[in-house]
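Summary of the model geometry
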Amino acid sequence: MSQPANDTRVPLIEPGEVSVDIKRENEFGALTSKDYLYKVKSTHGKQLKPSVFEAPPYYISLITYLNYLILIILGHLHDFFSMTFMKDKNIGLLEHDGYAPWYSKFESFYTRRMKKRIDDCFSRPTTGVPGRFIRCIDRISHDLNEYFTYPGTTTMCLNLSSYNYLGFAQSEGQCTDAAIEAANTYGSNSGGPRNLIGTTDLHIEAEKCIAAFVGKEAAMLNSMGYSTNANFFNSFLDAKCLVISDELNHTSIRTGVRLSGAAVRTFKHNDMDYLEKLIREQIVAGQPKTSRPWKKIIIIVEGLFSMEGSTCNLPALVALKKKYKCYLFVDEAHSIGAMGPTGRGVCDVYGVDPNDVDILMGTLTKSFGAAGGYIACDQWIIDKFKLDVSTVAYGESIPSPVLAQIISSLKTIIGEIHPGEGEERLQRIAFNSRYLRLGLRRLGFIVYGAPDSPVIPMLLYCPSKMPAFSRMMLQRKIAVVVVAYPATPLIESRVRFCMSASITKDDIDYLLRHVNEVGDKLYLKVSNGKSSVPEDGRPPRWTIEEVLEKTPEDCKHDEFFIEEQGLIS
């Protein structure tokens, strides 16, 4: 494995007996300087310009389409010869013994001939805590990923692949201590309450903590974030209601809306003019067939979009909601805890009163290092939700140790326990996110998203470059997530760096050096640089040494992001 000559090494602690201090350092790197902190500033109700996603040069799009065309042609040729001469290997695609095929050759083509070829880049097994470093279980691919074998070894990698935004997923620390205490107190073998099923005092305390944290009257917990969305809309909406949904909303939202039977209209991502036009048209048209007024109209957006790293334009959404008397639902799965001056999500980022948003949804698996999801809104909605939502009727309750983790992490963020630690974590993830994003842009990569977003998508485009990038980074002991169709548009394959407060500035230096090297080898630096670097006399593409020298200080100055995400009064 090649290494840059002047590489600053990140210490990787290999398997073996390690002290508690080393374990903590592996899970959450110590802050080396207060210069590597950034306090996020609220926009105080000001709107943002529409998100601008830099387009690649035309030849990159052309090459990407040609890549897919070649893969499709080769895949169909492979299918033809395989099903003609090796029928025993394609029993699932052919009729046999009077039985129909298991699945359609056409519908399964993408999975069999494209996705399966790069399965070694997805769902890599891991063990231990997904902290600053993550331990990946080594595996060997056979017969083009037909199956894997495991030699029994592991590799410690720098972790840019987990949603552990604030670094609370630790095996040591106050959250772990609280979880252990809850297990001892509420466990069936403890001296406390035995075999508790359903709601406990911890559930009630966690719901009160969440409601107070996000600024709503009440909150309700669910044991799974996906099912929180998938079941809420079925309870809140019916066939006489209208959903107006951002085109990039998560599949859990789409599932829930389909189950509700409500009519659905989508609007272009973050396009407020288009949204207003759509609302006006639907109010005038009314329900199909009867033309009666809609029973409810609800606008659904995400606070932070997980594939683009962009935020919703909350002030404009609130203004439209008030103007046309709609409900507003904001999914804060990725923004709650990770964004805003106090970690309270997009309302905190924009300085918007949470009471101006009817329903706030969030998950507890990311910033809080726990599990489950919540709905926070007015008490009457929660009361209705508790009566008929299927998650409560058929799902299990959140275990006590998980509830203790939620409560402990929330209290750390607000400073009720370990004062100052929560603030430091928020400032660390803000600095890390800005530093990595600006560094990648200056190196010449196309990067999407808001400046303070902990989700940093870097575009790869060609399908062949996606597995190449993933495998080359793994060789350099860096764990990343690559994403492709259908999770993204066909030609916009990308790597999605997930930033964490547990990462140090030296870790990001290490990452930038290797991404720079791999980017040169795979020809990934296709940005024109005009959307992110101000007119300061420098060329749009910087050297790695210039980036490491200047960017840590520059990323704390907001003027470097004005072109990317400017304010509108």
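In what follows, the accompanying structure is described. (Residues numbered from 1 in each chain as written. Predicted model: local features only at pLDDT ≥ 70, side-chain atom pairs only at ≥ 80, totals over all residues. Heavy atoms only, no water.)

Description of the overall build of the protein chain
Within the protein chain, the secondary structure is distributed over 17 helices and 18 strands. Among the 569 residues that make up the protein chain, the fraction classed as buried is 54%. Intrachain contacts of the protein chain at a sequence separation of at least 6 include 73% that bridge at least 24 residues. Of the roughly 25,500 Å² of accessible surface on the protein chain, 56% is carried by carbon and sulfur atoms. (Helix = DSSP H or I, 4+ residues; strand = E, 2+ residues; numbered from the N terminus. Buried < 20%, exposed > 50% of the residue type's maximum accessible area, 1.4 Å probe, protein only. Contact = heavy atoms within 4.5 Å. Areas by Shrake-Rupley, 256 points an atom, 1.4 Å probe, with all protein chains shown as cover.)

With respect to the nonpolar core
Core analysis: the largest hydrophobic core is formed by 111 residues, its most contacted members being L314, L440, M458, F469, F497 and L512. By residue number, the principal contributor to this core is helix α14 (residues 421–443), which donates nine residues. Beyond its immediate chain neighbours, meaning those up to four positions away, F469 contacts M458, L460, V480, V495, F497, V515, V518, L522 and L524. Counting 22 residues, the second-largest nonpolar core is a separate cluster that includes M220, A262, I375 and C377. (Core = buried A, V, L, I, M, F, W, Y, C linked by side-chain atoms within 4.5 Å.)

Remarks on the sheet that holds strand β17 (residues 493–498)
Taken in spatial order, the three strands make up an open sheet running β14-β17-β16, and their pairing is antiparallel. A single partner strand is all that each edge strand has here, and the edge strands are β14 (455–461) and β16 (481–483). Averaged over all pairs of adjacent strands, the angle between strand axes in this sheet comes to 30°, irrespective of strand direction. Across three bridges, β16 lies against β17 in antiparallel orientation. Counted as the bridge partner of V482 is V495 from β17. (Pairing = 2+ DSSP bridges. Axes fitted to C-alpha atoms, helices over the stretch in contact; angles between N-to-C directions.)

Observations regarding unusual backbone geometry
The omega torsion of the bond from Y485 to P486 falls at 10°, within 30 degrees of zero and hence cis. Position of P486 relative to the elements: it lies in the loop between β16 and β17. Positive phi is not limited to glycine here, since D143 has a value of about 50°. If you trace the backbone, D143 turns up in the loop between β4 (140–142) and β5 (147–149).

Brief notes about the pattern of salt bridges
Under the counting rule described, the total for this entry stands at 26 salt bridges. When the shortest N-O distance is used, the salt bridge between R494 and E492 registers 3.1 Å. Connected via shared salt-bridge partners are K23, R24 and E172. (Salt bridge = Lys/Arg side-chain N within 4 Å of Asp/Glu carboxyl O.)

Things to note about a nonpolar patch on the surface
Together, L62, L66, L69, I70, I73, L74, L77, F80, F81, F85 and M86 give the surface a local cluster of nonpolar side chains, amounting to about 1,100 Å² of exposed area. Looking at where F80 falls in the secondary structure, it is placed in helix α2 (residues 58–85). For F80, a relative accessible area of 52% puts it in the exposed group. (Patch = residues over 30% accessible without salt bridge, like charges linked within 9 Å, V, L, I, M, F, W, Y side chains within 5 Å.)

Side note on the sheet that holds strand β15 (residues 478–479)
What the four strands build is an open sheet, ordered β2-β3-β6-β15; its pairing is mixed. Strands with a single pairing partner mark the edges of an open sheet, and in this sheet they are β2 (126–127) and β15. Here β2 runs beside strand β3 (residues 133–137); their pairing, made up of two bridges, is antiparallel. By the bridge assignment for β3, T127 is matched with R135.

Let's talk about helix α17 (residues 544–554)
Turning to α17, its buried residues are I544, V547, L548, T551, P552 and D554. Along α17, the residues classed as buried sweep out an arc of 160° about the axis, all on the same side. On its buried side, α17 packs onto α14 and α16 (505–522). (Arc of directions from axis to C-beta.)

Side note on the packing of aromatic side chains
Throughout the structure, instances matching the rule amount to 14 aromatic pairs. Relative to Y448, the ring of F53 has its centre 4.7 Å away and its plane inclined at 55°; by these criteria the two rings are tilted. Of this pair, F53 sits in the loop between β1 (47–48) and α2 while Y448 sits in the loop between α14 and β14; the two residues are 395 residues apart in sequence, bridging distant segments of the chain. For F53, a relative accessible area of 27% gives the class partly exposed. Plain terms: the ring middles of F431 and Y435 are 5.7 Å apart, the flat faces sit at 40° to each other, and that makes the pair tilted. With F431 and Y435 both in helix α14 and four residues apart, the pair spans about one turn of that helix. Here a set of aromatic residues connected by ring pairs shows up, and it is made of F232, F233, F236, Y327, F329 and F385. We note R425 situated over the ring of F28; from NZ or CZ to the ring centre the distance is 4.3 Å. (Phe/Tyr/Trp six-rings, centres within 6.5 Å; stacked < 30°, edge-to-face > 60°. Lys NZ or Arg CZ within 6 Å of the ring centre and 35° of its normal.)

A closer look at the pairing of strand β8 (residues 242–246)
Burial runs high along β8: five of the five residues are buried. Covered by surrounding structure in β8 are L242, I244 and D246 together with V243 and S245, the residues of both alternating faces. In terms of strand pairing, β8 meets strand β10 (residues 297–302) through four bridges, oriented parallel. Opposite L242, over in β10, you have I297 as the bridge partner. Looking at chain direction, β8 and strand β9 (residues 263–267) are connected through five bridges and run parallel. Across the sheet, the residue bridging to I244 is R265, located in β9. The handedness of the β8 to β9 crossover, carried by helix α7 (residues 251–260), is right-handed. (Right-handed = clockwise from strand over helix to strand, strands pointing away.)

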